[in-house]
Amino acid sequence: MSLLVVSLYLPHTIHFNLDDPSLVEKVLSVPILSRSPSTASQPYDAPAQAPTGSTTQLLANSSVTSSAVPTPIPNFIQSLASRVTSTHNTPPASPPPLTADVEDFFFKLSTPPSVASHSAPNLDSVSGIPGSNSATSIEFERNFRSIYARSLKKAAKAAAAASAGKNSQVSTTSSNLSNGISNLTITNIPEHTISEDSSAISSPTSSSMSNALLTPAIVTHPRSRASSPPPAKHLVTPRSKSIPNVPSLRVAPKKVQEPRKPSQLDAASVFKSAPWSVVKYHKGNGGLRNAIMRAEAEGTFSKKRWIGTLGMPTDALERDTKMAIERVLLADYQDAPVFVSDSTLEGHYTHYCKDILWPTFHYQIPDHPKSKAYEDHSWVHYHALNTAFADVVVANYTPGDTIWVHDYHLLLVPGLVREKIPDAKIGFFLHIAFPSSEVYRCLPTRKLLLRGMLGADVIGFQSREYARHFRQTVQVVLGIPPNRDDTIDYDGRRIAVVDMAIGIDPVSLRLASEDPDVKRWRQMLRERWPDKKMIVGRDKLDQFRGVRHKMLGYERFLKSYPEYKDKAIFIQVCLTNIASQDLESEVSDIVTRINASTHVVSEPPVVFLHQDIAFEQYLALLYEADVFVVTSLREGMNLTCHEYIFCQRETSKGPLILSEFTGSAAILGDKCLLVNPWDRVEVGEAFHKALSMPEEEREERYKKLYSEVTTNTCAHWVRLFLNKLDKTWEEQHQKNLKVH
């Protein structure tokens, strides 16, 4: 008997290795991946094994050392070399470098503000730079070249933009200068100045330096052929109007487009002969991956099989290549891949999930669900992908297996599997919020989604509020009232609706915190702001994370308590994602306004980083923070604040400011400082209370928070859900036997 874990993405994906360097040059004209997995992926021969034993034993066992931490990711240049060539793959001797996109920030850490200079130094030698004799001059030296090169690049782009339309010769000169700088960064900058974790490598808006460095590496996947237009067979062709074939005085004649010449190199032929390797996939639900890995290490289940997509376009892959990938993943990694067309994957995720379900489940109804494109395009792809998943689940199912489906991407899968395997043991867990019935009922496909979820024996949610909303929605939309024990009777079965919040993996987090890089970054933070209270936030910059509300609350706090402008520093990290330009501009304006209010230009109250940072830097911030702030407007479960609580055990045991609209608020309760993000006065006062909280109260609150986080772990969550699923299915099975 096995546990079949069903989620949108597998924990592994595929990288194609192009051995012939001349082939790389040809492939540049061939479509390549538009959604590649993280460049931090590392090829390896076997899945990493987590330390065995219970969480309690491992936390109490001081003999567990950092040797159990997975092998550090190699340098980006090394990784790039392993993808382009199969030889000369010698790792660099230098320690793991800084992440390229956070160099500006950690340049400030390593160089005192009084010695910061904008003069043009010598690229061949940094010994003469002011402050190079400080304790952190090594960090400065390691990153100086890429910092300066990027500054030159920005200056060249600004000069080109300023002269656009005025002088074509100047524009050409600026372009040549830009290209020259790109060449300079490739040939003259040391390899160790570029990190594999850099978001600049994967960001579509990165500088030409990053793009030039990335060019050989991104040819590890075929590019998606889907531009996500509505499928032709589902579109209603508009009635054509008869246009007389006469010259028009108002409309210029259309230029006849010449047919495109076929590519000299076919993508399918490239990836047919190119060798490939299995790598970890770092996108998707990291909390779920950690939970399954930890539960397996503790012996909660003996066998598992993961079902999901590779997270990459596959139309360019031939059938034989797909079959070979499937065989290796099944045999070596217990992964069963689901292959769908690029248009289906793109339409399902980008359009239906992100444009329809995600906003609606977070209490914001988009304006376009009623459009023809929504009805004929997005839903078709969503249904097609769920059907493909159900077929793979049925193909991998053996009697006695447990099927566990995850998240809003696959709401139809439980019902589709139930149609083919009526007596299967099926569980479903929704990791995001579930809205009230008044919001959910606006979805045109509301009944189909609910019936799909009701195909499970147990339906789990992050909080009691979300579970209550689901039961009410089933009653309002389907007319099925819940039972007194909060179960639902549907299609001759009794379905349990439960709330079980996912947790973190304290064991892996503790082992990761022992990394020397984490300690190095912690020391650097302490040296940079030795006498200031450090406030930290880390969110995605989207409309639901409440970053704008957080900044407005902090601005109100500084206006009410101006003395903290010199006593506190607020470091807000916003992960790179497709953010609204209006939101990004508004947040930047607020940060600029706050920083302009101080009389010390070199010491701004807010350090705003809209970029990814390395995991070691993230942990260092969690350890050294005096206060952590989460002001999400709606969120299923914020595990970042749980990790902050765990990391604070060795430091200041700082308070947590938490939005009452997150699932974490239902778990942590009044032990943290709960706030309404829309009330900037309340948020501002929470900042003051957190910074001025007496030590006795702070330690008392922290003791309860730490107990909650280390008790309700991710492994505990897996055990609870699977036990509830076994019990519910067994009761239903016995009931069916009595009936027959």
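Residues numbered from 1 in each chain as written. Predicted model: local features only at pLDDT ≥ 70, side-chain atom pairs only at ≥ 80, totals over all residues. Heavy atoms only, no water.

Draft legend 1. Inspection of the packing of aromatic side chains at higher detail. Evaluated as defined, the whole model comprises 29 aromatic pairs. When the centroid spacing of 6.1 Å and the interplanar angle of 80° are considered together, the rings of Phe429 and Phe721 count as edge-to-face. Of this pair, Phe429 sits in strand β7 (residues 425-429) while Phe721 is found in helix α27 (residues 714-739), placing the two residues 292 residues apart along the sequence. No difference in accessibility class separates Phe429 from Phe721, as the two residues are buried. Both rings, one in Phe646 and one in Tyr706, keep their centres 6.1 Å apart while their planes meet at 15°; by these two values the pair is stacked. Here Tyr706 lies in helix α26 (residues 695-711) and Phe646 lies in helix α23 (residues 639-647), a separation of 60 residues in the sequence. (Phe/Tyr/Trp six-rings, centres within 6.5 Å; stacked < 30°, edge-to-face > 60°. Helix = DSSP H or I, 4+ residues; strand = E, 2+ residues; numbered from the N terminus. Buried < 20%, exposed > 50% of the residue type's maximum accessible area, 1.4 Å probe, protein only.)

Draft legend 2. Examining the nonpolar core more closely. Within the largest apolar cluster, 75 residues are counted, with the highest numbers of intra-cluster contacts made by Trp404, Leu656, Leu668 and Trp717. Discounting chain neighbours no more than four positions away, the residues touching Trp717 are Leu288, Ala291, Trp404, His406, Phe429, His431, Met500, Ala501 and Ile502. Grouped together as the second largest cluster of nonpolar side chains are 63 residues, Val392, Val393, Val413 and Ala467 included. (Core = buried A, V, L, I, M, F, W, Y, C linked by side-chain atoms within 4.5 Å. Contact = heavy atoms within 4.5 Å.)

Draft legend 3. Main features of the pairing of strand β9 (residues 487-490). The pairing of β9 with strand β10 (residues 493-499) spans four bridges and is antiparallel. Residue pairing across strands places Ile488 opposite Ile495, the latter belonging to β10. Connecting β9 to the antiparallel partner β10 that follows it, the hairpin turn spans two residues, and Asp491 within it adopts a positive phi of roughly 55°. (Pairing = 2+ DSSP bridges.)

Draft legend 4. The arrangement of the packing of α23 against α26 in detail. Packing of α23 against α26 brings their axes to within 9 Å, and their N-to-C directions diverge by 120°. Our pair here, α23 against α26, has a crossing hand that is left-handed. Contacts between α23 and α26 pair His642, Ile645 and Phe646 from the former with Tyr702, Leu705, Tyr706, Val709 and Thr710 from the latter. Per-class residue counts for the contact of α23 with α26 are six nonpolar, two polar and no charged. (Axes fitted to C-alpha atoms, helices over the stretch in contact; angles between N-to-C directions. Left-handed = near helix turned anticlockwise from the far one by under 90°. Nonpolar A, V, L, I, M, F, W, Y, C, P; charged D, E, K, R; others polar.)

Purely spatial values, then, with no claim about function.
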